[in-house]
Amino acid sequence: MGRVKTIARRSFLIGSAAIAGGVVFGTYLYKREGTNPLLADLRAGETAITPYVKIDAQGITLITPRADVGQGAWSMQAHLIVEELDIDPATATLSSGPASAIYYNGVVGVEAMPIAATSDTLLARTGRGAADVMGKLMGLHITGGSTTVPDLYDRLRMAGAVARETLIRAAMQQTGLPRDQLKTENGFVVLPDGLKIEYLDLAVLAADIEPIQDVTLREPSQWRYLTKPQKRTDVIAKSTGTQTYGIDMVMDGMVHATTRTNPALGGGLAGFDAEDARKMRGVQAVLQITGGIAVVADNTWRAFQAAQAVTCDWGPSPYIGNTSDQFAAVAASFSEDDQDSQFKDDGDVLAALEGAELVEAEYRIPYLAHAPLEPMSVVVKMTNARLDIWTGTQIPRFVQANMAKLTGMDADNIHVHVLMSGGSFGRRLEDDYIAQAVEIAMQLPDTPIKMVWQREEDFTHDFPRPLAIARAKGAVRDGAVDTFDLAIAAPSVAESSLARLGQPAIGPDVAIVAGAWDQPFDIPNYRVTGYRTPAMVPVSSWRSVGASGNGFMHESFMDEMCHAAGVDPLAERLRLCWHEPSRKVLEAVGEMSDWGSELGANRGRGLAFTLAFGVPVAEVIEVTNTEDGIRIDKVFVAAEVGRVLDPVNFEAQVQGGVIFGLGHAMNCELTYEDGVAQQDNFHVYEGMRLYQTPEITVRGLENGDKLRGIGEPGVPPAAPALANAIFAATGKRIRELPLSKSVDFV
Amino acid sequence: MKLTVNGETHEVDVEDDMPLLWVLRDELGITGTKYGCGIAQCGACTVHMDGIAVRSCQLAAGDVTGEITTIEGLGTPTALHAVQEAWIDLQVAQCGYCQAGQIMQAASFLDLNPDPTHAQIDAAMSGNLCRCGSYPRIRDAVKSASSKLKRA
Ligand code: FES
Ligand code: FES
């Protein structure tokens, strides 16, 4: 292999550059806006052509700023870059990069707006544009809302293309050859005579070149990685115990800590006695932190033991403390005063219901915990000059800002190193655990501190998915669903979580009705009203957010209405559905499941459909009513994402979403007594186990015009499809989750 | 006390009742073995004692009577165990946090029962929780590893 090596390696800096990704006549323009944050920390011999590609003599580092919480975001981001950069992803190092406004999310804000994903009106387009502007201005460096692919699909391919073209320009300078005689291949620029120059050897030269901004992205027909089965970049590490999570960080001189705060949420600490704990082996300190205590020891288990040995005098929780009263508060909020939204109001619901034979139902869903398998954990080190934080988080810039406030330090001196997360499901959109570790560090400066929560602390200090009640009224006419009136009351996630991020929540909370108000059905009289229950225990986003429960309410009632009308639930949805990609999803799942075929005694089939995060998903579930309880036999899923970029991970995310939805629907709830969560570990919050796992067949459809993410949309239809299947098999209509309150499962 | 982990003998000075999990993670710095629940509900902490899968959060250091193998000792990125190969081929891991435990459970199970039925796989693997829902691939990977091991 011929390698031209003539350039001496030296240190350098290159001009600032960033990207926007606008389209002009088929060519993507690379706009200079903002500062490439990688430039600040470049060492000798390193170059950063874009904020996403860093090269030095040792290798290529790809910056993947969206957090990987198990959904494969790091790997997907890397593949988007390398598709244009022309390197083997397995040869690159991946880094989360620093917390930076340049890594803003321009899509996540859309979910907070009352814009149906199916709408293409001027208003809808303006709203989506505003989300991008808002994301950029606020520097929303945030992972969530299944946005990684839609947000970064162009941006990262652009970054790869800009880096490639700039490296080619460097090769042109070095060889004197024109552009059209040079190609790239797997980390090399290839010369016409077959000689190759390694990218690494062009890094120094490239650093002095203005990034080539005028590049054309490849046609999908030229792709080598995208839409083909990819090998996730983390699969070997995660199968050999070599993946480092937040809980695994080890540093010289590191101490181990745990915290215990008032399990009666918000109750605070009146006082504590740590005399016994302080005498325990390995214990170095027992400290007071906000709302509780922290133990610092030389071993996590010793810290756990000592934390339990501290006698704490807890104050009472200021919130409505018992779940029966919490539900009563939700029930009481179906009032004019608490009305929050009515984004859907087609036809004349009131007139249509007047005098009609009513179908009425009330549905309830419980609080749910996130409980990622890696309990909240973080490593921090604070000195006079800087604060370093290593953890799995979806909100590095908010962490930076919030910890600046907490410590009084300059945000620029706070460095958030985002590590692989052992799951999240939305939990890592909160930084309460990080603040606790920083409070410890403020009392123990210059010492690296690893803080790990006991699982019990994790369960009892979650910000759960809120509980909710839906009241539904409907009427049929001439054997068809004619009137559908759904009212949903719940506490507001936006109000609760945005306040913790120091952001205002303006206007109605779309999450209260997401997955219900925005469904693509032409029902003659169709209304969805949201009611906001005054805040109770703090709540937050949980995988698929509002749709996680509203899918159950909307689709259970749709099933009830179809039965009342005496029509087939699939045929009726197809008749009512005006959105072509959604129709295709329904047709696909009908065909996959052989809908309508005979199942035999004690068996039943249920259908549900939810369009959430722009992704229409239809699920059919088959169950058998056995002597030991309900057995879930099969699940068929069709989902529309515009383009399936990695069929292997696509299937995994859909299957995982279905299992997440089913497991919680079967047997999970978080209930409170005196403000204390009663479920504190997995023995009372089981979810699904392998022996209960059905066969799950997945099909990805590509009829839509936009690319969508698939981390969350598989969740919402799972619970209603199961409840509808149980109805089909047993005749029993269950309107409250978890279903285990009403039936047994195998 | 002396502990043999992945073929290496270590002298550790810990309480008899410290769970093996924390000896591994915090005393020996072997972090592939994970803490998930601490009460034998999740299986994330599964290791082998003399080849048999045990929950290291439940096994007190003083009760360790045999050689311990952790995920790092089962195979390495360059010398994979057949079960790890199957896990990689089928891309089982999502967040991956449970997978060390899943793999250790599967390896021990297949050692005892090289040709399991579907129902036996379900029974053997149901003590290992996966919050991400990678179960369909776990099932397939155990089957695939079983045929790999038979061919070997
Ligand atoms: S940590 Fe041992 S079984 Fe969960
Ligand atoms: S892969 Fe995340 S818990 Fe199993």
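Analysis parameters
Residues numbered from 1 in each chain as written. Chains lettered and ligands numbered in written order. Predicted model: local features only at pLDDT ≥ 70, side-chain atom pairs only at ≥ 80, totals over all residues. Heavy atoms only, no water. Helix = DSSP H or I, 4+ residues; strand = E, 2+ residues; numbered from the N terminus. Buried < 20%, exposed > 50% of the residue type's maximum accessible area, 1.4 Å probe, protein only. Contact = heavy atoms within 4.5 Å. Areas by Shrake-Rupley, 256 points an atom, 1.4 Å probe, with all protein chains shown as cover. Lys, Arg positive; Asp, Glu negative; His and termini not counted. Charge placed at Lys NZ, Arg CZ, Asp CG, Glu CD. Buried area = accessible area lost by both parts, 1.4 Å probe. Salt bridge = Lys/Arg side-chain N within 4 Å of Asp/Glu carboxyl O. Nonpolar A, V, L, I, M, F, W, Y, C, P; charged D, E, K, R; others polar. Polar contact = N/O pair within 3.5 Å; in protein donor to acceptor, adjacent residues only side chain to side chain. Patch = residues over 30% accessible without salt bridge, like charges linked within 9 Å, V, L, I, M, F, W, Y side chains within 5 Å. Phe/Tyr/Trp six-rings, centres within 6.5 Å; stacked < 30°, edge-to-face > 60°. Domains from an automatic or database assignment. Core = buried A, V, L, I, M, F, W, Y, C linked by side-chain atoms within 4.5 Å. pLDDT = per-residue confidence, 0-100. Pairing = 2+ DSSP bridges. Axes fitted to C-alpha atoms, helices over the stretch in contact; angles between N-to-C directions.

1. Structural notes on the overall build of chain B
Thinking step 1. Tallying secondary structure elements over chain B gives six helices and five strands in all.
Thinking step 2. Secondary structure of chain B in N-to-C order comes out as β-β-α-β-β-β-α-α-α-α-α.
Thinking step 3. Considering only C-alpha atoms, chain B reaches an extent of 40 × 30 × 25 Å along its principal axes.
Thinking step 4. Scored against the burial criterion, the 152 residues of chain B give a buried share of 62%.
Thinking step 5. Expressed as a percentage of contacts within chain B between residues at least 6 apart in sequence, the contacts between residues at least 24 apart total 55%.
Thinking step 6. Working note: accessible area of chain B is about 5300 Å², and carbon and sulfur atoms make up 48% of it.
Thinking step 7. In chain B, which carries 11 positive and 18 negative side-chain charges, the distance between the mean positions of the two groups comes to 14 Å.

2. Topic: the interface of chain A and chain B
Thinking step 1. Opposite the 64 residues of chain A that make contact, chain B presents 52 residues.
Thinking step 2. Here chain A packs against chain B, burying approximately 4700 Å² in sum over the two surfaces, 56% of which is carbon and sulfur.
Thinking step 3. A per-residue breakdown of the area chain A buries against chain B is headed by W301, L373 and L690 of chain A, which together make up 18% of the total.
Thinking step 4. Inspection of the chain A/chain B interface yields seven salt bridges.
Thinking step 5. Where E27 of chain B meets R302 of chain A, a salt bridge forms, and the shortest distance between an N and an O atom there is 3.7 Å.
Thinking step 6. For the side of chain A that touches chain B, the elements supplying multiple residues, two or more each, are α5 (237-240), α7 (300-309), β21 (449-452), α12 (455-460) and α17 (647-667) of chain A.
Thinking step 7. No other element matches the nine residues that α17 of chain A contributes to the side of chain A that touches chain B.
Thinking step 8. Here the side of chain A that touches chain B is composed, by residue class, of 26 nonpolar, 22 polar and 16 charged.

3. Observations regarding the environment of A44 of chain B
Thinking step 1. Secondary-structure assignment places A44 of chain B in the loop between α1 (20-27) and β3 (46-49).
Thinking step 2. Residues within four places of A44 of chain B in sequence aside, it is in contact with L373 of chain A together with T33, K34, G36, Y97 and G101 of chain B.

4. Things to note about the side chain of S492 of chain A
All names here are of chain A.
Thinking step 1. If you trace the backbone, S492 turns up in the loop between β23 (480-491) and α13 (493-500).
Thinking step 2. S492 sits in the buried class, given a relative accessible area of 5%.
Thinking step 3. Within the local environment of S492, its side chain forms a polar contact with the backbone nitrogen of A494, the two atoms lying 3.3 Å apart.
Thinking step 4. A polar contact is formed between the side chain of S492 and the backbone nitrogen of E495, at a distance of 2.9 Å.

5. A look at the pattern of salt bridges
Residue and element names in this part refer to chain A.
Thinking step 1. Counting across every chain of the model gives 54 salt bridges over all chains.
Thinking step 2. Across the pair R232 and D234 runs a salt bridge, and its minimum N-O distance is 3.0 Å.
Thinking step 3. Under the relative-accessibility criterion, R232 is labelled buried at 5%.
Thinking step 4. D234 sits in the buried class, given a relative accessible area of 5%.
Thinking step 5. E555 serves as the salt-bridge partner of R573, at 2.8 Å between the closest nitrogen and oxygen. Residue R573 is located in helix α15 (residues 569-576), and its partner E555 is located in helix α14 (residues 547-565); the two are separated by 18 residues in the primary sequence.

6. Digging into a nonpolar patch on the surface
Thinking step 1. There is a patch of nonpolar side chains on the surface, built from V133, M134, L137 and M138 of chain A and spanning about 370 Å² of accessible area.
Thinking step 2. Here L137 of chain A shows up in helix α2 (residues 122-138).

7. A look at the packing of aromatic side chains
Thinking step 1. Summed over all chains, the structure comprises 17 aromatic pairs over all chains.
Thinking step 2. Arranged with centres 5.3 Å apart and planes meeting at 75 degrees, the rings of F459 of chain A and F682 of chain A form a pair that is edge-to-face. With a gap of 223 residues between them, F459 of chain A in helix α12 and F682 of chain A in the loop between β29 (676-677) and β30 (695-701) connect regions that are remote in the sequence.
Thinking step 3. A residue is classified by how much of its surface remains accessible, and F682 of chain A, at 0% relative accessible area, is buried.
Thinking step 4. Here the aromatic cluster, defined as three or more aromatic residues joined through ring pairs, consists of F304 of chain A together with W22 and Y35 of chain B.

8. What about the domain arrangement of chain A?
All names here are of chain A.
Thinking step 1. One can read the domain layout of chain A as domain 1 (2-229), domain 2 (246-315 + 376-452) and domain 3 (323-368 + 463-741).
Thinking step 2. Inter-centroid distance (C-alpha atoms) of domain 1 to domain 2 is 35 Å.
Thinking step 3. Here domain 1 is connected to domain 2 by five residue pairs in polar contact (both at pLDDT 80 or more).
Thinking step 4. Of the residues contributing to the side of domain 1 that touches domain 2, the split by class is eight nonpolar, eight polar and one charged.

9. Overview of the nonpolar core
Thinking step 1. Core analysis: the largest hydrophobic core is formed by 169 residues, its most contacted members being I621, I632, L662, L722 and L739 of chain A together with W87 and V142 of chain B.
Thinking step 2. If we skip the residues at most four places from it in the chain, I621 of chain A touches G604, R605, G606, I632, K634, V635, L662, A718, A721, L722 and A725 of chain A.
Thinking step 3. Counting residues in hydrophobic clusters, the runner-up holds 54 residues, among them V82, L85, I168 and M172 of chain A.

10. Quick notes on the confidence of the model for chain B
Thinking step 1. In this model, chain B carries a mean pLDDT of 97, and residues with pLDDT of at least 70 account for 99%.
Thinking step 2. The ipTM value of the predicted complex is 0.98, and its pTM value is 0.95.

11. Some points on the sheet that holds strand β17 (residues 359-365) of chain A
Residues and elements named next belong to chain A.
Thinking step 1. With respect to topology, five strands assemble into an open sheet ordered β16-β24-β23-β22-β17, the strand pairing being mixed. Each edge of the sheet is formed by a strand with only one pairing partner; in this case those strands are β16 (339-346) and β17. Taking each pair of neighbouring strands and ignoring which way they run, the sheet shows an average axis angle of 10 degrees.
Thinking step 2. Summarising the sheet, strand β22 (residues 468-477) and β23 pair through nine bridges and their orientation is antiparallel. Residue pairing for β23: A470 is matched across the bridge by I488.

12. Focus: helix α5 (residues 118-125) of chain B
Thinking step 1. When α5 of chain B is considered as a whole, its buried residues turn out to be I121, D122, A124 and M125 of chain B.
Thinking step 2. In the core, the buried residues of α5 of chain B are packed alongside α4 (99-112) and α6 (135-151) of chain B.

13. Looking at the pairing of strand β19 (residues 387-391) of chain A
Residues and elements named next belong to chain A.
Thinking step 1. Within β19, five of the five residues are buried, which leaves it mostly tucked inside the rest of the structure.
Thinking step 2. By the alternation rule, side chains of β19 split into L387, I389 and T391 and D388 and W390, which are all buried.
Thinking step 3. Of the pairings in the sheet, the one linking strand β18 (residues 377-382) to β19 comprises four bridges and is antiparallel in character. Across the sheet, V379 pairs through a bridge with W390, a residue of β19.

14. Re the side chain of D234 of chain A
Thinking step 1. Note on placement: D234 of chain A falls in the loop between β10 (214-215) and α5.
Thinking step 2. Here the side chain of D234 of chain A touches R232 of chain A through a polar contact of 3.0 Å, side chain to side chain.
Thinking step 3. When residues no more than four places from it in sequence are discounted, the contact partners of D234 of chain A are D68, Q243 and M420 of chain A together with Q94 of chain B.

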